[in-house]
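The lines below spell out each chain.
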Amino acid sequence: QVQLVESGGDLVQPGGSLRLSCAASGFNFPIYHMAWYRQAPGKQRESVATITNGGSTNYADSVKGRFTISRNNGENAVYLHMNSLKPEDTAVYYCNAYRYASLTGSSYDYWGQGTQVTVSS
């Protein structure tokens, strides 16, 4: 029932811009923290940007100043606006929803299917 449906991945030239979207369903979206991860070939998966249920954001140093994460709780959606794209941004980008249930000490993670972003001339 839980779904994270991503869209927006594309082939773009260096210096270009792209917006990734993640549509969530099947869970109480507003109370979840959200994040974008990426994994390039031969590299570890890394957190790109996070946004809490309260709207606080955090970014990896490699994308700070270029990427912006946002959320729309009314639409159950998270976005990643990417500007000044570089070839090293090429990766599969994943949408992630997570929360921590304090009463049970449990963590919950949901993942999207991933969308390919390729930055190349």
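Residues numbered from 1 in each chain as written. Predicted model: local features only at pLDDT ≥ 70, side-chain atom pairs only at ≥ 80, totals over all residues. Heavy atoms only, no water.

Engineer: Would you take a moment to explain the packing of aromatic side chains for this structure?
Structural biologist: Across all of its chains, the model carries six aromatic pairs by this definition. Consider the rings of Phe27 and Phe29, whose centres lie 6.4 Å apart with planes at 50 degrees: the pair is tilted. Geometrically, the ring pair formed by Phe27 and Tyr110 is tilted, given 5.1 Å between the ring centres and 45 degrees between the ring planes. You can see Phe27 sitting in the loop between strand 3 (18-25) and strand 4 (33-39) and its partner Tyr110 sitting in strand 10 (residues 106-111), a full 83 residues away along the chain. Judged by relative accessible area, which is 13%, Phe27 ranks as buried. Among the residues examined, Tyr110 registers a relative accessible area of 22% and is labelled partly exposed. Pairwise contacts between aromatic rings join Phe27, Phe29, Tyr32 and Tyr110 into one cluster. (Phe/Tyr/Trp six-rings, centres within 6.5 Å; stacked < 30°, edge-to-face > 60°. Helix = DSSP H or I, 4+ residues; strand = E, 2+ residues; numbered from the N terminus. Buried < 20%, exposed > 50% of the residue type's maximum accessible area, 1.4 Å probe, protein only.)

Engineer: Where do I start with the state of the cysteines in this structure?
Structural biologist: Should the sulfur atoms of two cysteines be covalently bonded, the bond is a disulfide. Under the counting rule described, the total for this entry stands at one disulfide. With a sulfur-sulfur separation of 2.1 Å, Cys22 is cross-linked through a disulfide to Cys95. A torsion of -80 degrees about the S-S bond marks the disulfide between Cys22 and Cys95 as left-handed. In this pair, Cys22 is assigned in strand 3 and Cys95 in strand 9 (residues 91-101), connecting sequence segments 73 residues apart. For the pair formed by Cys22 and Cys95, the shared burial category is buried. (Disulfide = S-S within 2.5 Å.)

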